[in-house]
Amino acid sequence: MRRRDIAFALLAALCVTIAVGAAVLPWLAGYSLDVAFWLRHHAFGPRHDPAASPTVVVAIDEESFGARDLFGYRSKEAWTPELAEVLRRILDSGAAVVGFDIVLTTSVRELVPNYDRDFLVALRDGARDGRIVLGRVQHSSLPIVPTREQNFAVQAQRNIRALNLYNDRDEVIRRVPLTMIAEDGSATGGTRTEPSFSAELAMRAANARMRPAPDGRIEFRDRAIPGSETNNLLLNFEAGTSDIPTYSFHDLVRCARAGNDAFFRRHFEGRTVLLGVVADLEDRKLTSKRMMTGPESGYVGARCGPPPAAGYYRDDVIRNEIPGVFVHATAVNNLLRGDALAEAAVPVQWAIVGGVSLAAALLTMLAPLLAAAGGLLGAAALWVGATTTALQHGLVLPLFAPLVAGGAAFATLLAYRFLVADRDKRLLRKSFALYLAPSIVDRLVTAERPPELGGEEREITVWFSDVAGFTSISESLPPGELVLLMNAYLSAMTDIVEAHGGFVDKYIGDAIVAVFGAPLDEPDHARQAVAAAVECQSRLAELNRSEATFRGRTLAQRIGINTGRALVGNIGSRRRFNYTVMGDTVNVASRLEGTNKVYGTQILVSETTVAAAGEGILWREVDRVRVKGRAHPISVFEPVALGSGTAADRTRVAAQAAALAAWRRRDFAAAADLFAAISDDPASAHFAERARAYAASPPGPAWEPVTTLDAK
């Protein structure tokens, strides 16, 4: 890869990090948490048993609103006698603290004197023990507060706390405040910091386990509360609508009047009790729980008496909002259980986005595109699993921002590769794909610089082939038929060469020049070249029998193979060159191909190729020849079989070796007889004829058993 490409990848990663961190990270943080809740629920299921919830809810529900036999047509502000009955029973059962998520701002005392007396007395008694917390809604101009009598009964601000909640920028509630700024009631109009409604309930239920810090924050005595430094408690919601036990106010009124104290003790002793509205339209909140709510019927918990005849909740209705009282109940549970969520610090989130951007950019630039895409998809799946697991352990990591960063980096670098980095590579592939072997094209594409003149010396195996009698064949065929015939032949032979790791250097009419062992290293190049030659002969026999293009014409192929060192590289002029081979090794291979005509063989292989191919091939030595221009002769061989061959093959090779030995020791009469005894072998017939001639007229003392090749 060029330095320019690396620099662009780094720059792209930086730009993506800034863009995603500044724009996407804050905007998707809330939605990421909501989706993570949904994933956690489906991956891990419920975290707590609802029966063990430290908080319960008394619901002024649709059943209560519809209980005309009990409440008539009174509004809930006129239910204070019934509220007094239920509140008294709950306090007597040993509830830790009772919080009112409803604000009764009016009273009927002016119409009915002492109407609220029992309710006010119950509030007073509970407030003396610190077990009553009323709610108010703070507002700059029109605060919503309890009546003056309720305020007096609970000792004013000692037992009244703000119910206000935080809405994120998308109007979804995901956190609650831990403290609020309230008026201190002094004549000067000063302010003070006090716990919020949820924090106050948790503090009283936990007794000594929580305390207000000197700076107004709320903290455990043995550990900090996540989010206390920003006064935000990030809520850790459970799935469904039955995670917090819920009791119908109407049912509890009947239970109190029936004197069933055991029911109250069983369900309220030691617990934090929140009284709130659980209705179709009133006080519904959109929260992080919006993707994992359950049927409305889940809000109906254990009952003291029989259920009403009319069904107020339907199993087939699932709404994404929840009653506001459950937001406070969840906050109290989080504080008491110590499992409120801790959000990764902003620098950590930026670091995650930056790391993902950089990794995606480098992967896209360095790896093949399909591999890069697959790697990013796999990494995305792992990240989703990691964020889900982290949430299960109380840590909130950004879910979508890193995925967006990775996708943006991938898209940016993909466009860069297509428009800039890979443009030259595509041009090279397009220019050379039809003329060079795929391995050579790949080497050109992956090179750091465009191809240029020059090469390297390395050991290779050169492979020459030719069609016997091609001149007469070409003269007997029209040009169109000749082209079809040669295309079929050359295609079949080329496929075999390339299948064995070679590449076709060039076509010279009917001749094929192939190279094994370059441009890619192939330790077994000599053996592969021989195997390709044997397979080519077999394939040509099939073509002669079955290929329609051949039309009964029987083609014969001669192949010469030589192994040695040669110059391999881009050779030619400065303006036009080819990837090819040059050297004596190439010349010898060409000579061996032509030498087949002398011996009537189809494949001739030099002694260097035999040595490089190793064991596992049955050879027979044909002769020792001296190539024109070379001082030293070489032995040439013919492959009989890949492997050890048959018994008949081995017997024939032994007979040929014996005949050749007689020839070399100048026993020409014996050599003639031995060669003549080998039937159906043009090379043996050739030697038999020469041996008989020498037997009749022996050569001089300077004779040596070497055949000189004067021409191709």
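Rules used in this analysis
- Sequence order as written defines residue numbering, which begins from 1 separately in each chain.
- In keeping with the model being predicted, local features are shown solely for residues with a pLDDT of at least 70 and side-chain atom pairs are shown and tallied solely at 80 or more, while totals for entire chains, interfaces and linings include all residues.
- Hydrogens are left out, water is left out, and the side-chain values use all remaining heavy atoms of the structure.
- Starting at the N terminus, helices and strands are each numbered in turn, a helix being any DSSP run of H or I of at least four residues and a strand any DSSP run of E of at least two.
- The globule rule used here is 2.2 Å times the number of residues to the 0.38 power, and the radius of gyration it is set against is calculated over C-alpha atoms.
- A 1.4 Å probe rolled over the protein chains alone gives each residue an accessible area, and that area as a share of the maximum for its type sets the label: buried under 20%, exposed over 50%, partly exposed in between.
- Whether two residues touch is decided by their heavy atoms; if any such pair falls within 4.5 Å, the residues are in contact.
- Note: the arc covers the axis-to-C-beta directions of the helix.
- What makes a salt bridge here is a side-chain nitrogen of Lys or Arg within 4 Å of a carboxyl oxygen of Asp or Glu, nothing more.
- To count as a disulfide, a pair of cysteine sulfur atoms needs to be within 2.5 Å.
- Here, expected helix span is obtained from the residue count minus one, scaled by 1.5 Å.
- The pairing criterion for strands is at least two bridges between them, as found by DSSP.
- Comment: axis = line fitted to C-alpha atoms, over the contacting stretch for helices; angle = value between 0 and 180 degrees taken between N-to-C directions.

A. The overall build of the protein chain, seen in detail. Helix and strand counts for the protein chain stand at 23 helices and 25 strands. In summary, the protein chain has a C-alpha radius of gyration of 47 Å against a globular reference of 27 Å for 712 residues, an excess of more than 25%. The dimensions of the protein chain, computed from C-alpha atoms along their principal axes, are 155 × 55 × 55 Å. The proportion of buried residues among the 712 residues of the protein chain is 48%. Sequence separation of at least 24 residues holds for 74% of the intrachain contacts in the protein chain that already meet a minimum separation of 6.

B. A look at helix H22 (residues 668–676). The complete set of buried residues in H22 reads Phe668, Ala671, Ala672 and Phe675. The buried residues of H22 occupy an angular sector of 100 degrees when the element is viewed end-on, so they sit on one face. The inward-facing, buried residues of H22 contact helix H21 (647–664) and helix H23 (682–696).

C. Layout of the pattern of salt bridges. All chains considered together, the criterion is met by 41 salt bridges. Among the salt bridges present, the one from Arg88 reaches Asp125, with a minimum N-O distance of 2.9 Å. Of this pair, Arg88 sits in helix H4 (residues 80–92) while Asp125 sits in helix H5 (residues 117–128), placing them 37 residues apart in sequence. Overall, the relative accessible area of 29% leaves Arg88 in the partly exposed class. When the shortest N-O distance is used, the salt bridge between Arg161 and Glu200 registers 2.9 Å. Of this pair, Arg161 sits in strand E4 (residues 160–162) while Glu200 sits in helix H7 (residues 197–206), and the two are 39 residues apart along the sequence. Both residues of the pair, Arg161 and Glu200, belong to the buried class. One salt-bridge network, held together by shared partners, links Asp34, Asp168, Asp170, Arg174, Arg175, Arg290 and Glu343.

D. Inspection of the state of the cysteines at higher detail. A complete count under the given rule lists one disulfide for this structure. One disulfide in the model links Cys255 with Cys304; its S-S distance is 2.2 Å. Of note, the bridge from Cys255 to Cys304 carries an S-S torsion of about 70 degrees and is right-handed in sense. Taken together, the residues Cys255 in helix H8 (residues 249–257) and Cys304 in the loop between strand E13 (284–286) and strand E14 (321–323) connect sequence positions 49 residues apart. The exposure class of Cys255 is buried, given its relative accessible area of 1%.

E. Geometry of helix H12 (residues 369–392). Given a rise of 1.5 Å per residue, 24 residues ought to cover 34 Å, and the 35 Å separating the end C-alpha atoms of H12 matches this to within 8%. Within H12 the residues assigned to the buried category are Ala372, Leu376, Trp383, Thr387, Thr388, Ala390 and Leu391. Looking at the residues trailing H12, positive phi occurs at Gly394, about 90 degrees.

F. View of the sheet that holds strand E11 (residues 246–248). Spatial strand order, E4-E3-E2-E12-E1-E11: six strands in an open sheet with parallel pairing. Among the strands making up the open sheet, the edge pair consists of E4 and E11. Between one strand and the next, the sheet's axes are offset by a mean angle of 30 degrees, whatever the strand orientation. Of the pairings in the sheet, the one linking strand E2 (residues 97–100) to strand E3 (residues 132–136) comprises two bridges and is parallel in character. Its bridge partner being in E3, Gly99 is matched across the sheet by Val133.

It is worth stressing that arrangement in space is one thing and function is another; only the former is reported here.
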